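Topology and contacts: notes
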Amino acid sequence: MRRIAILAIILSGLTKIQAQDVVFSQFYNTTLYLNPAFAGISGGPRLTALYRNQWPLLGNAYSTYLVSYDQFLNQINSGVGAIVSSDVQGGFYYTNSITGMYAYQIQLNENWAINVGLQAAFMQKRIQTDKLVFAENINLGNGSVNNFPSKDIPDNPTRSFADFGAGALFFSKKVFIGFAAKHLSQPNESFDNTLPEHLPICYDANAGIELRSGNYSSSSFFSPNIMYAQQEFFKQATGGFITGINVFYAGLYYRYAFGKNNAASVQSDSIKASNSSAFILLAGLQKGIFKIGYSYDITLGGLSGTGGSHEISVTLNFNDSKKSREKNQRKKLTECPKMF
């Protein structure tokens, strides 16, 4: 019954959809998505793949796939990166994007640096109309469904547009502070050209500190950090810590969603955002160039019986090989916290 209610809300705004960006629980493993200034931050080449399944007991209502690549180019003192992502809502509403990013590093001294990043994206939103059933398609007498086209289906169920963002990151081996703004051009994402709906600017900020036992290469660490996201009326803060011993790491976060209860909160995937307060449990292992992580959201509030949310990520960071570390030490590059 809950799944039907959620799909009904989504269907009610097919031509007028104001969506919030996906907010990942493992934001420390999706740094390029969070802020373009993270491009090349860990040296690289670095390749990450992540899958998020939100509310699985509602029939996989929300599934998100992301693949990212980045590396630092010493010749131009810059990082470059790319993201390919796909978000599927209710099995019929797709948001696909390809994003490229560039970050220039400004060296303040041998310990501190600032990255300034830009990103450009091509986005496509699509409704798979053959999976939709509207009220006029249902025979109230016997419950059968006819295939007559509905007047509520938009003439063009696909919308494509360009998108832009920027960010900055101040960091050392132990501290990081970042800020980013996405959808700076506020592109029109409406399926009805007569009813424009502009994608709101999304602001992200994150900060933290990493404490290690012994020297920088020590495998034991403790990192408290926080992430804040705001997009129009939707606001969300996530705070907690990650700790690691040898090849294993684990952590605990609390995510709190807040903001005004207005019309935007009952359209599209803003349902997902406005009900996303949760405790986040995470664990993983990292050895050499390989890193794998899993997180589970214990959803709170009215959607506590939806099965929470699952995320799994796999990262290959070739900068973590012994040869790459020695090369960077010779060049005296500013190193970032190891958690990235």
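The following refers to the structure shown.

Calculation rules
- Residues numbered from 1 in each chain as written.
- Predicted model: local features only at pLDDT ≥ 70, side-chain atom pairs only at ≥ 80, totals over all residues.
- Heavy atoms only, no water.
- 1 Å grid on protein atoms, 1.4 Å probe; cavity = no way out; pocket = protein on both sides within 12 Å on 5 of 7 lines; lining within 4 Å.
- Points joined across faces, edges and corners; volume = space filled by probe spheres on them.
- Helix = DSSP H or I, 4+ residues; strand = E, 2+ residues; numbered from the N terminus.
- Nonpolar A, V, L, I, M, F, W, Y, C, P; charged D, E, K, R; others polar.
- Salt bridge = Lys/Arg side-chain N within 4 Å of Asp/Glu carboxyl O.
- Buried < 20%, exposed > 50% of the residue type's maximum accessible area, 1.4 Å probe, protein only.
- Phe/Tyr/Trp six-rings, centres within 6.5 Å; stacked < 30°, edge-to-face > 60°.
- Lys NZ or Arg CZ within 6 Å of the ring centre and 35° of its normal.
- Core = buried A, V, L, I, M, F, W, Y, C linked by side-chain atoms within 4.5 Å.
- Contact = heavy atoms within 4.5 Å.
- Patch = residues over 30% accessible without salt bridge, like charges linked within 9 Å, V, L, I, M, F, W, Y side chains within 5 Å.
- Areas by Shrake-Rupley, 256 points an atom, 1.4 Å probe, with all protein chains shown as cover.

What follows covers empty space enclosed by the protein. If you walk through the whole model with that rule in mind, you get 6 cavities of 30 Å³ or more. Of the pockets and cavities examined, the largest cavity occupies roughly 360 Å³. Along the walls of the largest cavity sit 26 residues, with D21, Y33, S85, S97 and M123 positioned nearest its centre. Looking at the lining of the largest cavity, the elements with two or more residues in it are α2 (31-34), β3 (78-89), β4 (93-107) and β5 (113-127). Put simply, the second largest cavity is a space of about 140 Å³. Along its surface, the second largest cavity is lined by 21 residues, and N29, R46, T48, T315 and F340 are the ones closest to its centre. Contributing elements (two or more residues each) for the lining of the second largest cavity: α2, β1 (46-54), β2 (62-73), β14 (290-299) and β15 (309-317). Here the lining of the second largest cavity is composed, by residue class, of 7 nonpolar, 9 polar and 5 charged.

Below, the discussion takes up the pattern of salt bridges. What the rule picks out here adds up to 8 salt bridges. Across the salt bridge formed by R52 and E311, the nearest N and O atoms sit 2.6 Å from each other. Here E311 lies in strand β15 and R52 lies in strand β1, a separation of 259 residues in the sequence. The class of R52 is buried, set by a relative accessible area of 3%. Linking R255 and D297 is a salt bridge whose minimum nitrogen-to-oxygen distance equals 2.8 Å. One end of the pair, R255, is in strand β12 (residues 248-259); the other, D297, is in strand β14, with 42 residues separating them in the sequence. Considered together, R255 and D297 belong to a single accessibility category, that of buried residues. When salt bridges with common partners are traced through the structure, they connect R52, R255, D297 and E311 into a single cluster.

Further remarks concern the packing of aromatic side chains. In this description, an aromatic ring pair is defined by two values, namely the gap between the centres and the angle between the planes. For the structure shown, the criterion picks out 13 aromatic pairs. Seen from their ring centres, F24 and Y33 are 5.0 Å apart, and the 80° between their planes marks the pair as edge-to-face. Looking at F24, the relative accessible area reads 4%, which means it is buried. Among the aromatic residues, ring-to-ring pairing joins F27, Y28 and Y253 into one connected group. A cation sits over an aromatic face here: R126 above Y94, 4.4 Å from the ring centre. Lying across the ring of Y249, K291 places its NZ or CZ 5.5 Å from the centre.

Nonpolar side chains in soluble globular proteins tend to be buried together. Counting 34 residues, the largest nonpolar core has Y28, F38, L169, F171, I242, Y253 and F340 as its most contacted members. Elements that contribute at least two residues to this core include exactly α2, β4, β6 (158-171), β10 (221-231), β11 (234-245), β12 and β13 (278-287). Contact partners of I242, with chain neighbours within four places excluded, come to Y28, F221, F222, S223, Y249, A250, G251, Y253, L282 and M339.

A cluster of nonpolar side chains, contributed by I76, Y102, Y104, I106, L108, V116, F170 and I177, occupies part of the molecular surface with about 670 Å² of accessible area. Here the nonpolar patch takes 3 residues from β4, the largest share from any one element. Of note, V116 is situated in strand β5. The class of V116 is partly exposed, set by a relative accessible area of 40%.

Nothing here speaks to function; it is all geometry.
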